[in-house]
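Observations on the three-dimensional arrangement
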Amino acid sequence: MATLVVVGTQWGDEGKGKVVHLLSEKADYIIRYQGGNNAGHTVVFNGQEFILHLVPAGILEPGKKCIIGSGVVVDPQALVEEIRFLERKGIKIEDRLFVSDACHIILPYHRWMDQLREIQQGKKRIGTTRKGIGPAYADKVARVGIRMADFLSLRLFKELLERNLKEKAPLLRKACKLSELRREILEKRKKQLPIIKDLVVDSAIMINRIISQGRNVILESAQGTLLDVDYGSYPYVTSSNPVAGGACVGIGIGPTQVDRVLGIVKAYTTRVGEGPFPTELSNSIGKLLQEKGKEFGATTGRPRRCGWFDTSIVRHAVRVNGLRSLALTKLDVLDGIDPLKICVAYRYRGKLIREFPTGREIFKDCKPVYIELKGWKEKTKGIQKFNLLPRNAKRYLSKIESLVQAKVSIVSMGRSREETIIIDRDLIDFNF
Ligand code: IMP
């Protein structure tokens, strides 16, 4: 009988999919509250690998219900394709998947605008997934966006579409023929509507009812804290709020209804896309982390940049998400690496900076200050009890705990559910 928010504490790809899938065993509802199909959650279920971009991974668990919250931007085509993919795999979505009527929708012109902007910016590009996420959120804030409720009405949709095409014409003409774009959008809508319309609900009414019935609810973010538009490494961020505060806005509940927040953290650091990354390793260890950790973007296939664990950014995440508990993933990737380094602060123009700085000019020139820890030779995969972990692995975890001021409650060493150490059973049991 509790509501749990699950957030990423780094630059995304921390392994939220696996942890949410694990937690969903005792959950009734799993809800996405921001982002769009820029996300990629990889989950191994019944020996099969699933990569989900929009639908919460909880859909794989029989009987669980999922909601795409109002804070998510939904590409109707991506949603239809994901539903078809799930149905081909024998996963039923009827009466199990719901989409908020207040979600803003992504249309092909958002994708064009995303691409054109990235190309125009050249070396200063963000390195977006080019899925139209930023332009769709920009329309939302500029009050010209089209919401799911508008998409359902042909008359209103046509009117809003016309307004948008007219406004964006000077830019779009560089990329495509507007008449063809309009036709494509309207034809696709005709096919998408029958699949989507029955999923659309008022998610604020639904979630508040669910919570008052005493159900267990997981609110999951896409991306990570350092990609948050307000608290991330701006401007190299996504256009929404993955931080825990975004969960309330992104589904329609008040902060009093959140019982606990869990942060997912990878045993080292990765990021896709451009932007500063102080602990990035462009040497053989970086390559090793990338290969052993299979660090390739689940959405774009791009190789992820890899580096040492950075406690300054995770401490920032602990702060802005109000974290007390962490689930640490991919510990096994560090097996055999000796010594290990942890970044504890930055050096900037001769000064020591302990905390993640907001200023872009500062962060870009921050050099990591490391401490060294002894590694371990033993394989950690398959270990299911904390006490059986190699002594130096336990030291690595407790060093992280003391530096970021949060407890490691779950340790993951592989993609499957069994490859996990549960330290805080109450978390899994929703006993909080
Ligand atoms: P956008 O969200 O496509 O606009 O991309 C903005 C930034 O967020 C880029 O650096 C992307 O690589 C990054 N990003 C977006 N979604 C994810 C994700 O799910 N994992 C990791 N990085 C992401």
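Cut-offs applied
Residues numbered from 1 in each chain as written. Predicted model: local features only at pLDDT ≥ 70, side-chain atom pairs only at ≥ 80, totals over all residues. Heavy atoms only, no water. Near = heavy atom within 4 Å. Polar contact = N/O pair within 3.5 Å; in protein donor to acceptor, adjacent residues only side chain to side chain. Areas by Shrake-Rupley, 256 points an atom, 1.4 Å probe, with all protein chains shown as cover. Nonpolar A, V, L, I, M, F, W, Y, C, P; charged D, E, K, R; others polar. Buried < 20%, exposed > 50% of the residue type's maximum accessible area, 1.4 Å probe, protein only. Helix = DSSP H or I, 4+ residues; strand = E, 2+ residues; numbered from the N terminus. Pairing = 2+ DSSP bridges. Core = buried A, V, L, I, M, F, W, Y, C linked by side-chain atoms within 4.5 Å. Domains from an automatic or database assignment. Contact = heavy atoms within 4.5 Å. Expected span 1.5 Å × (residues − 1). 1 Å grid on protein atoms, 1.4 Å probe; cavity = no way out; pocket = protein on both sides within 12 Å on 5 of 7 lines; lining within 4 Å. Points joined across faces, edges and corners; volume = space filled by probe spheres on them. Buried area = accessible area lost by both parts, 1.4 Å probe. Salt bridge = Lys/Arg side-chain N within 4 Å of Asp/Glu carboxyl O.

**Some points on the site of the ligand**
Close contacts around the ligand come from 16 residues, with Asp-13, Asn-38, Thr-129, Thr-238 and Arg-302 the closest. Side-chain polar atom of Thr-129 to an oxygen atom of the ligand: 2.5 Å apart, as the coordinates give it. In isolation the ligand exposes 470 Å². Once the protein is present, 97% of that is buried. Here the shell around the ligand is composed, by residue class, of six nonpolar, eight polar and two charged.

**Things to note about the pairing of strand S16 (residues 340-348)**
Burial within S16 is extensive, with seven of its nine residues counted as buried. Pairing of strand S14 (residues 309-310) with S16 involves two bridges; the strand directions are parallel. The residue bridging Asp-310 from the neighbouring strand is Cys-343, located in S16. Pairing between S16 and strand S18 (residues 367-373): seven bridges, direction antiparallel. Bridge pairing in S18 links Cys-343 to Tyr-370. Across three bridges, S16 lies against strand S17 (residues 351-353) in antiparallel orientation. Across the sheet, residue Arg-347 finds its bridge partner in S17, namely Leu-352. Linkage of S16 to S17, two consecutive antiparallel strands, is achieved through a turn of two residues, within which Arg-349 is found at a positive phi near 45°.

**A short note on the nonpolar core**
Judged by nonpolar contacts, the single largest core of 67 residues is most densely connected at Leu-219, Leu-328, Leu-331, Leu-334 and Tyr-396. Looking at which domains feed residues into this core, each of domain 1 (3-100 + 200-257) and domain 3 (265-429) gives three or more. When residues no more than four places from it in sequence are discounted, the contact partners of Leu-328 are Val-265, Ala-267, Leu-397, Ile-400, Val-408, Ile-410, Val-411 and Ser-412. In terms of nonpolar packing, the next biggest core, distinct from the first, is built from 61 residues, Leu-52, Ala-57, Val-72 and Leu-97 among them.

**Thoughts on the side chain of Thr-311**
Secondary-structure assignment places Thr-311 in helix H11 (residues 311-321). Residue classification places Thr-311 among the buried residues on the basis of a relative accessible area of 0%. Excluding anything up to four places from it in sequence, Thr-311 contacts Ile-342, Cys-343, Val-344, Leu-403 and Val-404.

**Observations regarding helix H3 (residues 108-121)**
If you check H3, its first and last C-alpha atoms are 20 Å apart, about what 14 residues at 1.5 Å a residue would give, namely 20 Å. Buried within H3 are the following residues: Pro-108, Tyr-109, His-110, Met-113, Asp-114, Leu-116 and Glu-118. Residues of H3 that are buried in the fold lie against strand S8 (104-105), helix H4 (133-141), helix H6 (154-172) and helix H7 (178-196). A positive phi of about 50° marks Gly-122, the residue just after H3.

**Here's the deal with the layout of surface pockets**
Of the voids in this model, the second largest pocket is the one considered here, and its volume is about 220 Å³. Residue lining of the second largest pocket: Asn-37, Ile-51, His-53, Asp-75, Gln-77, Ala-78, Glu-81, Glu-82, Phe-85, Arg-111, Lys-131 and Thr-299, and that is the complete set. Considering every element that reaches the lining of the second largest pocket, the biggest residue donor is helix H2 (residues 76-88), with five residues. Classifying every residue of the lining of the second largest pocket by side-chain character gives three nonpolar, four polar and five charged.

**Thoughts on the domain arrangement of the protein chain**
Buried accessible area, meaning the area lost when the parts come together, often serves as the stated size of an interface. When its domains are assigned, the protein chain resolves into domain 1 (3-100 + 200-257), domain 2 (104-196) and domain 3 (265-429). Distance between the C-alpha centres of domain 1 and domain 3: 23 Å. At the interface, 37 residues of domain 1 touch 41 residues of domain 3. Area buried by domain 1 at its contact with domain 3 is led by Gln-10, Trp-11 and Lys-18, which between them contribute 22% of it. Between Lys-26 and Asp-429 there is a salt bridge, with its nearest N and O atoms 2.8 Å apart. Across the domain 1-domain 3 interface, the total number found is 19 residue pairs in polar contact (both at pLDDT 80 or more). It is helix H1 (residues 16-23) that provides the largest number of residues to the side of domain 1 that touches domain 3, a total of five residues. Along the lines of polarity and charge, the residues of the side of domain 1 that touches domain 3 split into 17 nonpolar, 13 polar and seven charged.

**Remarks on unusual backbone geometry**
Along the chain, Tyr-234 connects to Pro-235 via a cis peptide bond; the corresponding omega equals 5°. Within the fold, Pro-235 resides in the loop between strand S10 (217-220) and helix H9 (245-249). Here the amide bond leading from Asp-338 into Pro-339 is cis, since omega sits at 0°, within 30 degrees of zero. Of note, Pro-339 is situated in the loop between strand S15 (325-329) and S16. With a phi angle near 60°, Asp-13 is a residue other than glycine that sits in the positive phi range. For Lys-330, which is not glycine, the phi torsion reads 60° and is therefore positive. With a relative accessible area of 23%, Lys-330 lands in the partly exposed category.

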